[in-house]
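# Observations on the model geometry
Listed below, chain by chain, are the residues.
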Amino acid sequence: MSVLVFAESTEGTFKKSTFEAVSYAAELAKNNSVACVALSIGIADDSKCADLAKYGADKVISIKGDKLNQFVAEAYAKLISNAATQENATIVVISNTYSGKSVASRVAAKLKAAIASGVISMPDTTAGFKVRRGVYSGKAFADVDLKTPVKVLAITPNTFNITEYNKALQVVHAEGGLNDTDFISTPVEVSRVTGKIPLTEAEVVVSGGRGLKGPENWHLIEDLAETLGAATACSKPVSDMHWRPHSEHVGQTGITIKPNLYIAIGISGAIQHLAGVSSSKVIVAINKDPEAPFFKAADYGIVGDAFEVLPKITAAAKKMKAQAI
Amino acid sequence: MSPIQKRDFMKILVCISNVPDTTTKVTFTDNNTKFNTAGVQFIINPYDELALTRALEITEKQGGSVTAITVGLTDTEPSIRKALAIGAQDAVRINAEPTDAYFVAEQIAAYAKTENYDLILTGRESIDHNGGLVCGLLGEMLGIPSVNVITSIEVENGSATMERDIDGGKEKLTCKLPLVASAQKELTEPRIPNMRGIMAARTKPLKVVEPAASSATSATVAFELPAAKGGVKLIAAEQAEQLIEILHNEIKVI
Ligand SMILES: Cc1cc2nc3c(=O)[nH]c(=O)nc-3n(C[C@H](O)[C@H](O)[C@H](O)COP(=O)(O)OP(=O)(O)OC[C@H]3O[C@@H](n4cnc5c(N)ncnc54)[C@H](O)[C@@H]3O)c2cc1C
Ligand SMILES: Nc1ncnc2c1ncn2[C@@H]1O[C@H](COP(=O)(O)O)[C@@H](O)[C@H]1O
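Residues numbered from 1 in each chain as written. Chains lettered and ligands numbered in written order. Predicted model: local features only at pLDDT ≥ 70, side-chain atom pairs only at ≥ 80, totals over all residues. Heavy atoms only, no water.

### Looking at the site of ligand 1
Residue and element names in this part refer to chain A.
- Close to ligand 1 lie 27 residues, the nearest being Ser235, Ser268, Gln272, His273 and Asn287.
- Arg210 is positioned with one of its backbone polar atoms (N or O) 2.8 Å from an oxygen atom of ligand 1.
- In this structure, Asn287 approaches ligand 1 through a side-chain N or O atom, which is 2.7 Å from an oxygen atom.
- Taking 990 Å² as the accessible area of ligand 1 by itself, protein coverage stands at 78%.
- Of all elements in the fold, only helix H6 (236-240), helix H7 (271-277) and helix H9 (306-324) reach the threshold of two or more residues within the shell around ligand 1.
- When its residues are assigned to classes, the shell around ligand 1 shows six nonpolar, 15 polar and six charged. (Near = heavy atom within 4 Å. Polar contact = N/O pair within 3.5 Å; in protein donor to acceptor, adjacent residues only side chain to side chain. Areas by Shrake-Rupley, 256 points an atom, 1.4 Å probe, with all protein chains shown as cover. Helix = DSSP H or I, 4+ residues; strand = E, 2+ residues; numbered from the N terminus. Nonpolar A, V, L, I, M, F, W, Y, C, P; charged D, E, K, R; others polar.)

### Thoughts on the domain arrangement of chain A
Residues and elements named next belong to chain A.
- What the domain assignment lists for chain A is domain 1 (2-183) and domain 2 (204-324).
- With centres defined by C-alpha atoms, the gap from domain 1 to domain 2 works out at 33 Å.
- At the junction of the two partners, domain 1 supplies nine residues and domain 2 supplies nine residues.
- For the pair domain 1 and domain 2, the two sides together bury roughly 660 Å², of which 44% comes from carbon and sulfur.
- The three residues of domain 1 that bury the most area against domain 2 are Ser137, Lys139 and Asn158, which together make up 65% of that side's buried surface.
- For the pair domain 1 and domain 2, the number of links is three residue pairs in polar contact (both at pLDDT 80 or more). (Domains from an automatic or database assignment. Contact = heavy atoms within 4.5 Å. Buried area = accessible area lost by both parts, 1.4 Å probe.)

### Describing the sheet that holds strand S15 (residues 261-265) of chain A
- Taken together, six strands build an open sheet; the order of strands is S14(A)-S13(A)-S15(A)-S16(A)-S17(A)-S15(B) and the sheet is parallel. Two strands close off the open sheet at either side, each with one partner strand: strand S14 (231-234) of chain A together with strand S15 (233-235) of chain B. Strand-to-strand, the axes of this sheet are offset by a mean angle of 20°, without reference to chain direction.
- Two strands pair when backbone bridges link them, and S15(A) and strand S16 (residues 282-287) of chain A are joined in this way by five bridges, in the parallel orientation. Paired with Leu261(A) across the bridge in S16(A) is Val282(A).
- Sheet strands in contact with helix H5 (residues 219-228) of chain A are strand S13 (204-208), S14 and S15 of chain A, and its direction is about 175° off that of S13(A). (Pairing = 2+ DSSP bridges. Axes fitted to C-alpha atoms, helices over the stretch in contact; angles between N-to-C directions.)

### Observations concerning the sheet that holds strand S10 (residues 159-166) of chain B
- Across the sheet, which stays open at both edges, the 10 strands sit in the order S12(A)-S11(B)-S10(B)-S9(B)-S12(B)-S8(B)-S1(B)-S6(B)-S7(B)-S13(B) with mixed pairing between neighbours. One side of each edge strand has no neighbouring strand; the edge strands of this open sheet are strand S12 (185-192) of chain A together with strand S13 (206-209) of chain B. On average, each strand axis in the sheet is inclined to that of its neighbour by 30°, with strand direction left out of account.
- With seven bridges connecting them, S12(A) and strand S11 (residues 169-176) of chain B associate as antiparallel partners. Residue pairing in the sheet places Pro187(A) in a bridge with Leu173(B) of S11(B).
- Of the strands in this sheet, strand S1 (10-15), strand S6 (64-71), strand S7 (90-94), strand S8 (119-123) and S13 of chain B are in contact with helix H4 (residues 101-112) of chain B, which crosses S6(B) at around 140°.

### As for H9(A)
- For H9(A), with 19 residues, the first-to-last C-alpha span of 26 Å sits near the 27 Å given by 1.5 Å per residue.
- Every buried residue of H9(A) is listed here: Ala306(A), Val309(A), Leu310(A), Ile313(A), Thr314(A), Ala316(A), Ala317(A) and Met320(A). On an axial view of H9(A), the arc spanned by its buried residues comes to 165°, and they lie on one face. Counted as exposed and oriented over 90 degrees from the buried face of H9(A): Glu308(A), Lys319(A), Ala322(A) and Gln323(A).
- Buried residues along H9(A) sit against H5, S15, S16 and strand S17 (300-303) of chain A together with helix H7 (242-250) of chain B. (Expected span 1.5 Å × (residues − 1). Buried < 20%, exposed > 50% of the residue type's maximum accessible area, 1.4 Å probe, protein only. Arc of directions from axis to C-beta.)

### Considering the pairing of S7(B)
Residue and element names in this part refer to chain B.
- With four of five residues buried, S7 is to be regarded as a mostly interior element.
- When S6 meets S7, the two strands line up parallel, connected through five bridges. Within S7, the position partnered with Ile69 by the bridge is Val92.
- Where S7 meets S13, four bridges bridge the pair, whose relative direction is parallel. Across the sheet, the residue bridging to Arg93 is Val208, located in S13.

### Section: the nonpolar core
- Of all hydrophobic cores here, the largest spans 56 residues; its most connected members are Leu4(A), Ile80(A), Val152(A), Leu137(B) and Leu138(B).
- A per-element tally of this core places H4(B) first, with nine residues.
- Residue contacts for Leu137(B): discarding those within four places in its chain leaves Ser105(A), Ala108(A), Ala109(A), Ala101(B), Tyr102(B) and Ala105(B). (Core = buried A, V, L, I, M, F, W, Y, C linked by side-chain atoms within 4.5 Å.)

### Details of the interface of chain A and chain B
- Each partner contributes to the interface: chain A provides 85 residues, whereas chain B provides 76 residues.
- In this assembly, chain A packs against chain B so that about 6,800 Å² is buried in total across both faces, 59% of it on carbon and sulfur atoms.
- The closest approach of N and O atoms between Arg106(A) and Glu140(B), which form a salt bridge, is 2.8 Å.
- Counting the contacts that link chain A with chain B gives 39 residue pairs in polar contact (both at pLDDT 80 or more).
- A per-element tally of the side of chain A that touches chain B places helix H4 (residues 98-111) of chain A first, with nine residues.
- Residues belonging to the side of chain A that touches chain B are distributed by class as follows: 39 nonpolar, 24 polar and 22 charged.
- One ladder, built from three bridges, connects S17(A) with S15(B); its direction is parallel. Counted as the bridge partner of Gly301(A) is Leu234(B) from S15(B). (Salt bridge = Lys/Arg side-chain N within 4 Å of Asp/Glu carboxyl O.)

### Side note on the site of ligand 2
Residues and elements named next belong to chain B.
- What surrounds ligand 2 is a group of 21 residues, the closest being Cys15, Asp48, Ser126, Gly132 and Leu133.
- The side chain of Asn45 places a nitrogen or oxygen atom 3.0 Å from an oxygen atom of ligand 2.
- A distance of 3.5 Å separates an oxygen atom of ligand 2 from a polar side-chain atom of His129.
- Bound to the protein, ligand 2 loses 98% of the 480 Å² it would expose on its own.
- Elements represented by at least two residues in the shell around ligand 2 include exactly S6, H4 and S8.

As structure tokens, then:
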């Protein structure tokens, strides 16, 4: 038996969330006294796969192929579920990223396995197999009991620690055994925002609302974000008015994030906005209205005008960074 | 109808989930095992509204039909009726409590198997249990491709061109029909039902189907509300730079 973890990579590189998943799977495997097997699909080479052993994989199965350089849900799902069957996996761990989630659901259906997405806990196996996940867009948690022999867990990024196990690398190169029908959907163009931290992976997020008055003032947000190595986000009206791209909209109908630090500037703190950000470890609200609801959800607050406060904070952050070097 | 339009006649199924209004203050009853529906207004899941609207736009352009389907008990009928008012031609309600995404997908797949849809649309996720799973599950159960979180879709000559969000970017892809895709924000602007639509909805067919046999794969055993924040610590605006000091030295998040 084993725990199988899908080691998601982008253009041959594993992400932080992948190492989190591998360490999560390794801990599960250890608790069950079984092996942790990582599956790499795409172009990641053996030197990269060494990191998977470092963070907990007893064995790495590496499947390469021209067509596998890009993510295709149907093909990837087949490879993951085949590996799960071969390795006699009782638990399949996948990162709850866009790609991860789209493949996890197909894997679950193939294996007739119960699935939980957005998982934020290790399983509690004292009675059944319970995992905790976020529900109601961050307004609550649910404990879900998975009842099938094989389970699929899509675990939330930025939630679990990366642990150094430093295991010896054991790579098995395998053939995918796929045919053309497995590639029915074909990517024709991929554009990634380069040089910017993806919002869902960012540890620090600086976010602006309608209080910023207009897109011409966004340099204030961007300056602070750049100084802190943070991603930028915004409230829904801001993206609706096209001040910022839709991909930055966080909240109940936008992206749900849980960075270590969320700084909200000129955002009122409507329930739909809070839903997407309330799992952030530390929340700072900056708003000129002392009655703004955001202050009830924040750990730290500054009542003041963003146009006066932000430059001060950014200057202090720059000074702090300069001293840190 | 011109021959081209005929070829592109689209038979579309849209999956509608019935969810608490976004302003709902979430609480639980029965020792934290049940969602407290008292005083809660239910709506069509916002992403499903986008899926439905896009389906209508496609069929209005090139001919076709839009069926709305929901898995739910009688209390979900206002939402499925609203889907009819927005413009779906007919609706199906599978008469069962939607216990989890796996169950919902099984039920919809069982129904869809006999109907030969060209396109099935779901929402990116339902805003109550945030699974984001039905699209992929359906794809696998029906043996068709599934494309998650699409922000655009055009259909032509039996295939679809879509854009979807990927981690840190966007991807454009093409895929032969039939397929299932899940609607992400940006797909379109949701339509609001007008008076004529609301009147018409009363006489549109709403078929109630009994659920197919299936076994529960999971069960929610308890809910919990997040711990309340300890109260905000205010920093004076004049000393805003103190914030950086606290974040860096005290709580070490930057
Ligand atoms: C179905 C539905 C779904 C929704 N989903 C989302 C969602 O996912 N995400 C989301 O964000 N919203 C969502 N909303 C919208 C939400 O209800 C609020 O309308 C929105 O979050 C408000 O955005 P805002 O805080 O930027 O703007 P406002 O509410 O206008 O607040 C602006 C704030 O800026 C402050 N301000 C003004 N000037 C300054 C200044 N100079 N310095 C400092 N502060 C200043 C004001 O005091 C105010 O608090 C949704 C709404 C609905 C109905
Ligand atoms: N009970 C339901 N009936 C019909 N469709 C549903 C139901 N629950 C979820 N869906 C569809 O599946 C999508 C994703 O839901 P979920 O996987 O539950 O987050 C929703 O946006 C709906 O389109």
